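# Understanding the architecture of this molecule
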Amino acid sequence: MQSLLLAAEGGSASFPVLSALVILPVIGALTLLLLPNNRPENFKQLAFLFSSLVGAMAIWILTDFDTAHAADFQHQNSHTWIESLGISWHLGIDGISLWLVVLTAVIFPIAIIAIDAEHTPKAYYAWLLILEAGCMGVFLALDLFAFFVFFEIVLIPMYFLIGQWGHGERAYAATKFFIYTMFGSALMLVGILSLAFLNQAETGVLTFNLIELAESQAIATTTARWIFLSFALAFAVKVPLFPVHTWLPDAHTNAPTAGSVILAAVMLKLGTYGFLRFGVYLFPEAAVWFAPALVTLGTIGIIYGAIAATMQRDLKRLVAYSSVAHLGFIVIGTFALNTEGIEGGILQMVNHGLSTGALFLLVGWIYDRRHTREISELGGLQKPAPFFAGVFMVVMLSSIGLPGLNGFVGEFLTLIGAFAAHRWWAVVAASGVIIAALYLLWAYQRVFHGPAEGENATMKDLTFKEALIMAPFLFGIVFMGVYPKPVIERMEPAVEALIEHVEFHVEDFESPRPGHLGPVDDHGDDGAVSEEDDH
Amino acid sequence: MLGQLPTPPVETPDVVWSALSPILALAVGAILLIMFRSIVKRMPEEYDATLTMLVGPVTVLAMWIVGGLVGTDVPLADLRDDVGEPAFYIGLALVLIVSALFVKALEIGFDAAFTVGVGLVSFAATVVVWQQHFRAQPITEEEFLAGVAPDFGGPIAAFGTQYGVDGFALVFGGVIALAVVLSALLFDDYLRREGIDGAEMYVLLMLSAAGGLIMAGSNDLIVLFLGLETLSIAVYVMAAMHTKRTESLESGLKYFILGAFSSAFLLYGMAMIYGATGSLNLVGIRIYLESVIILDNAMLLAGFALLLVGLGFKVAAVPFHAWTPDVYQGAPTPVVAFMASAVKAAAFAALVRVFYLAFIDFRDDWQPVIYAMAVLTLLVGAFLAIVQRDAKRMLAYSSIGHAGFILVGVQAATERGVASVVFYAAAYTFMVVGSFGVLSVVSGRGDRASSLDDLNGLNRRSPVLAFALTLFLLGQAGVPLTTGFVAKFEVLSAAVDARSYWLAVIAMISAVVSAFLYLRIVLSMYLGTVDEDAEPISVHPTAALAIGVALVLTIGFGLVPGPIDQLANDAILALAG
């Protein structure tokens, strides 16, 4: 504890960049609130300015990231918050959270610049900035209290974004979203407190520090399983896993476009990241014990999401259900509890953020132009908007998991991992990839092919600005598909350390490494990656 | 620990007047105001304005002087020595002028200004008493070399053993004094709008608060009863003060009858306790219970039960809550703000004081009862609030729910539990004063527009009020970065620390249910439609000040909860010591 604090103090002599990532958007939001209402166009510019500052800082962190020590938390920043409870404002970044932080920092400015607020821009952009601060906080927090604060705070801006700027049954969707997620996290709070106080009973120190709690592992096995369950429920709702996913289609469909983009690209990752950082890391034994159940739910989610997506008539709802399926891959990868699975899971978090974020953006633009998202009313858009169709095609193929694009790398790694751990589930999950091709290609065919009639014939193509906005997505999709090594090598030490942590703390547990089982004949993790590159 | 307290003198109790100064300030203030108003019914306009303006500097001076009377030296003496006397007095003069101008800018009436001043003086006295008794007194180098031990202060018995001045009582006293200040600011706007003349409301407010302070520090059941009655009778009258509105009269009458009923239960409970232990003094009771093995404790348990009924009524715990919605709906809104904040805080202070200080050895007997009450209170408060159509009625049920949360902390019966009660009561006080403050302004003349539908589209009529109410409701919902969240966190910590996991789970479920409700209201403020003829709402500066202060405290201590947390924890140590 002492040494940790000292280390943190030593680090805080330099600029507390992680705190800045969280606080800067809040300052932006407050600035917006203080601006007079007579120049509404300024709000968007200012919000973009603040979020791109955050983006720039995240990129700087990425370049400054010490890959050799990717398993350690870097740029740590710690201040006492509530002394009597041992709570501190403690932030840090490692190889696992790095990419999610970068993803968040990149997606937000894009979502802000890409879509204009339909009304009351001041509050709209202020909420978006607060949402960014909350998401950043979740990915950076190393204190359970701070984590919970951020995990909860993101609900508020999202609730208002859906409720105030949404479409259709927005109030219903916002409320459903809120109740589901808050109910999940309500029990997690009791879990967090139980963990801290039971840990205090064993070790004599009351702390909410993630690292200390994870390293001490002082809690009895059965109790830890119960507490894990309370965490898992919160994350399962957020992911969302199969039986508690029903808020997602409603929220996505009725949310404003920027809301959908952020919900898909960043907010769903709060759950999967939570599973990794606050599930597997904090409760290794319980994670191993519950892994089969969670993999089962993930697999059901893959198949169910894919089938449900196939049957949707609303393009946005289709993409929403495809999210359920994609998130299922992340969960089965994570709970394969081997390097490939977890790396694939993290990679897939980023991939899903890129491809589904871009898909929601494109669907939003279609809606702006045609004022409908019904697949049956669209058709032949390829003729008036060939460029649009091309971009849509690339993004969609990435979502399907076409080799050479990013989706393939992630799905492939998760499936390798899952195959080693739970062979038959992986077989079932793999068929989800095929169904994904089915519903996405079919949707593409119905929307873009065929004769363009009525308003469809005059749909505007992608503007230059829109093309510029799509450029980072396309770059990420292609780059990570062709050359994922820089991404993987930065997360690998952290993932390895996590697996060692699990193996160390769980008796009789050995990570099911693919090499040991035979179906994949490579020796290490690099092998799997280089095999990737050959495609 | 208890032996260190002075043995009770039989003849004349030792009175430490300085430690009683917060109560004296309120009581003397009330008497001065009623005497002044009974002589001078109405003053010419220009005198009135000048006199009101003078209240500002007089308050500042009074705070300074009272601080000097209570403490060993006048406040800011260090600063005076540092900057030199001339500079210090020039600065003081500037502060006096600024305070006069500030009062003028507030456009506040004399009575309200006077009450605010008295509240501030009481608060200042509380702070000084706190420093006297709970801070390590700095000792000089010579004293140190001479072997004088530093005086760390500590709880003292201020009136024989009947009244204890300890951190617990002082924190509650400070909270109640601030509630007086904020309520008086809200009263000013309300009374003027409703055309109610006279200083009675303010006098009653101060008397009632004095009763609350007595309750918070009572170390004797009879003193507790006196404090409770002083507090309650004043509030009964305040609830019925708007004589032109039948709802107000009805609410006052209802409150009075049910309140009298509960007082009877409380008295009967005290009699039982006396019968079982032979003492009404909390210290005496505890010494008796520690030293004697009671073979037949039926009378003691009956005493517990009756005390719980009486105090449960005051804190509006289920099943003794039925009066709350009716009274809250009918009574003038600023009075409700005071009832939900100061009265509730004082009642919880008394509850914790009696059960934690005197009956801690019997916690196995009363904990389960409070557990059950907490569960019922949480669930009733959360679920019945959903179906309400009236904003005040809804907030009444939500205040029942909050009482449930505080009971979760009481139930823990640990130091952490008591600290969480202090924290929650303080945090809730400011949130609820703010919420009712906004409602008071919105509902307009005669409190007519107090239905939830009247909040629809509030954002169009007054964005600032809508924003303030949003934050207060989010705070009540327990959204992070407000005091409401930290308060819930503390209470749940206490419950989990005491291994009451299921109670914590039930509390969180009820928190989710009520969060749904608050957010629905918030959304309707931003989405709802407004009538074309609905006028924009103008906020009187006094009401704006009250709401603003409550807002700053709710958000500020939500972001930086450390100071209140520290205060709450210090308060515990003092209670036990």
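Residues numbered from 1 in each chain as written. Chains lettered and ligands numbered in written order. Predicted model: local features only at pLDDT ≥ 70, side-chain atom pairs only at ≥ 80, totals over all residues. Heavy atoms only, no water.

Further remarks concern the overall build of chain B. Helices and strands together make up the secondary structure of chain B, namely 23 helices and two strands. By the compact-globule yardstick of 25 Å for 577 residues, chain B fits well, its C-alpha radius of gyration being 23 Å. In terms of overall dimensions, chain B has a C-alpha envelope of 75 × 60 × 45 Å along the principal axes. Sequence separation of 24 or more characterises 81% of the internal contacts of chain B that already satisfy a separation of 6 or more. Surface summary for chain B: the accessible area is close to 21,800 Å², and the carbon and sulfur share equals 68%. (Helix = DSSP H or I, 4+ residues; strand = E, 2+ residues; numbered from the N terminus. Rg over C-alpha atoms; globule rule 2.2 N^0.38 Å. Contact = heavy atoms within 4.5 Å. Areas by Shrake-Rupley, 256 points an atom, 1.4 Å probe, with all protein chains shown as cover.)

Here the focus is helix α15 (residues 339–370) of chain A. Residue and element names in this part refer to chain A. Here α15 spans 45 Å end to end across 32 residues, near enough to the 46 Å set by a 1.5 Å rise per residue. By the criterion of burial, α15 is predominantly enclosed, with 30 of the 32 residues buried. Backbone geometry just downstream of α15 places His 371 in the positive-phi region, at approximately 55°. (Expected span 1.5 Å × (residues − 1). Buried < 20%, exposed > 50% of the residue type's maximum accessible area, 1.4 Å probe, protein only.)

All names here are of chain A. Counting buried positions along strand β2 (residues 87–93) yields seven of seven residues, so the element is predominantly enclosed. Bridging between strand β1 (residues 74–82) and β2 involves six bridges; their strand directions are antiparallel. Of the residues in β2, the one forming a bridge with His 79 is Trp 89. The hairpin turn running from β1 into β2, its antiparallel successor, is four residues long, and Gly 86 in that turn takes a positive phi close to 65°. (Pairing = 2+ DSSP bridges.)

What follows is about the interface of chain B and chain A. Each partner contributes to the interface: chain B provides 38 residues, whereas chain A provides 36 residues. A buried area of about 3,200 Å², summed over both sides, lies between chain B and chain A, and 81% of it is on carbon and sulfur atoms. The three residues of chain B that bury the most area against chain A are Phe489(B), Val512(B) and Leu523(B), which together make up 19% of that side's buried surface. The tally of links from chain B across to chain A stands at zero salt bridges. In terms of residue class, the side of chain B that touches chain A is built from 27 nonpolar, five polar and six charged. (Buried area = accessible area lost by both parts, 1.4 Å probe. Salt bridge = Lys/Arg side-chain N within 4 Å of Asp/Glu carboxyl O. Nonpolar A, V, L, I, M, F, W, Y, C, P; charged D, E, K, R; others polar.)

So, about a nonpolar patch on the surface. On the surface, a cluster of nonpolar side chains totalling about 470 Å² of accessible area is made up of Val26(A), Leu30(A), Leu33(A), Leu34(A) and Phe467(B). Counting residues per element, the nonpolar patch draws most heavily on helix α2 (residues 17–34) of chain A, at four residues. Summarising the element assignment, Leu30(A) is placed in helix α2. The exposure class assigned to Leu30(A) is partly exposed, which follows from its relative accessible area of 49%. (Patch = residues over 30% accessible without salt bridge, like charges linked within 9 Å, V, L, I, M, F, W, Y side chains within 5 Å.)

Right, let's talk about the side chain of Asn338(A) for a bit. All names here are of chain A. Inspection of the secondary structure puts Asn 338 in the loop between α14 (315–334) and α15. The exposure class of Asn 338 is buried, given its relative accessible area of 0%. Residues contacting Asn 338, with those up to four places away along its chain left out, are Gly 417, Ala 420, Ile 499, Ser 511, Pro 512 and Pro 514.

The next point concerns the packing of helix α13 (residues 284–310) of chain A against helix α18 (residues 423–448) of chain A. Residues and elements named next belong to chain A. Axis separation between α13 and α18 bottoms out at 9 Å; the angle between their running directions is 20°. Comparing the axis directions of α13 and α18 gives the class roughly parallel. Viewed along their axes, α13 and α18 form a crossing whose handedness is left-handed. Two secondary-structure elements touch here, α13 through Val 295, Thr 296, Thr 299, Ile 302, Ile 303, Ala 306, Ile 307, Ala 309 and Thr 310 and α18 through Trp 425, Val 428, Ala 429, Ser 431, Gly 432, Ile 435, Leu 438, Tyr 439 and Trp 442. Classifying every residue of the contact of α13 with α18 gives 13 nonpolar, five polar and no charged. (Axes fitted to C-alpha atoms, helices over the stretch in contact; angles between N-to-C directions. Parallel < 35°, antiparallel > 145°, perpendicular 65-115°, else oblique. Left-handed = near helix turned anticlockwise from the far one by under 90°.)

Turning next to the environment of Val129(B). All names here are of chain B. Of note, Val 129 is situated in helix α5 (residues 110–134). By relative accessible area, Val 129 is classed as buried at 0%. Through-space distance from the C-alpha of Val 129 to that of Val 464 is 38 Å; in sequence the pair is 335 residues apart. Not counting chain neighbours up to four residues away, the residues in contact with Val 129 comprise Ser 18, Ala 19, Ser 21, Pro 22, Val 70, Val 165 and Leu 170.

Using the criterion set out here, one finds 56 aromatic pairs over all chains in the structure. An angle of 70° between the planes, with centres 6.1 Å apart, marks the rings of Phe304(B) and Phe362(B) as edge-to-face. On the criterion of sequence distance, the pair formed by Phe304(B) in helix α12 (residues 298–315) and Phe362(B) in the loop between α14 (333–358) and α15 (363–386) is long-range, its members being 58 residues apart. With respect to class, Phe304(B) is no different from Phe362(B); both count as buried. Aromatic rings pair up to connect Phe147(A), Phe151(A), Phe228(A), Phe231(A), Phe235(A), Phe275(A), Phe278(A), Phe283(A), Trp289(A), Phe290(A) and Phe335(A) into one cluster. Looking at Arg446(A), its charged tip hangs above the ring of Trp442(A), at a distance of 3.7 Å from the centre. (Phe/Tyr/Trp six-rings, centres within 6.5 Å; stacked < 30°, edge-to-face > 60°. Lys NZ or Arg CZ within 6 Å of the ring centre and 35° of its normal.)

The next thing to look at is the pattern of salt bridges. This model, assessed by the stated rule, comprises 19 salt bridges over all chains. One salt bridge connects Asp116(A) with Lys44(A), and the closest N-O pair in it is separated by 2.3 Å. Of this pair, Asp116(A) sits in the loop between α4 (95–114) and α5 (121–140) while Lys44(A) sits in helix α3 (residues 41–64), placing them 72 residues apart in sequence. A network of salt bridges, in which partner residues are shared, links Glu250(B), Lys254(B), Asp326(B) and Arg393(B).

Further remarks concern the packing of helix α8 (residues 170–203) of chain A against helix α10 (residues 221–238) of chain A. Residue and element names in this part refer to chain A. Here α8 crosses α10 at 155°, and the two axes come no closer than 8 Å. Classified by the angle between their axes, α8 and α10 sit roughly antiparallel to one another. In this structure, the crossing between α8 and α10 has a hand that is left-handed. On the side of α8, the interface is formed by Tyr 180, Thr 181, Gly 184, Ser 185, Leu 187, Met 188, Gly 191, Ile 192, Ser 194, Leu 195 and Leu 198, while α10 contributes Thr 223, Ile 227, Ser 230, Phe 231, Leu 233, Ala 234, Phe 235, Val 237 and Lys 238. Residues of the contact of α8 with α10, tallied by class, amount to twelve nonpolar, seven polar and one charged.

Moving on, we get to the environment of Trp226(A). All names here are of chain A. Structurally, Trp 226 is set in helix α10. For Trp 226, a relative accessible area of 61% puts it in the exposed group. Between the C-alpha atoms of Trp 226 and Ala 286, which are 60 residues apart in sequence, the distance is 8.4 Å.

Time to look at helix α19 (residues 463–477) of chain B. Residue and element names in this part refer to chain B. Its 15 residues give α19 an end-to-end C-alpha distance of 21 Å, which sits within 8% of 21 Å, the value for a rise of 1.5 Å per residue. Within α19, twelve of the 15 residues are buried, leaving the element largely enclosed by the surrounding structure. Among the residues of α19, those classed as buried are Leu 465, Ala 466, Ala 468, Leu 469, Thr 470, Leu 471, Phe 472, Leu 473, Leu 474, Gly 475, Gln 476 and Ala 477. Phi for Gly 478, located one or two positions after α19, is positive at around 85°.

The phi angle of most residues is negative, glycine excepted, and most peptide bonds adopt the trans form. Cis geometry marks the peptide bond from Val239(A) to Pro240(A), where omega comes out at -5°. Considering the arrangement of structural elements, one finds Pro240(A) in the loop between α10 and α11 (247–254). Going from Val318(B) to Pro319(B), the amide bond is cis rather than trans, its omega being 10°. Its location among the elements puts Pro319(B) in the loop between α12 and α13 (323–330). In the Ramachandran plot, His75(A) falls in the positive-phi region, its phi being about 55° despite a non-glycine side chain. Within the secondary structure layout, His75(A) lies in strand β1.

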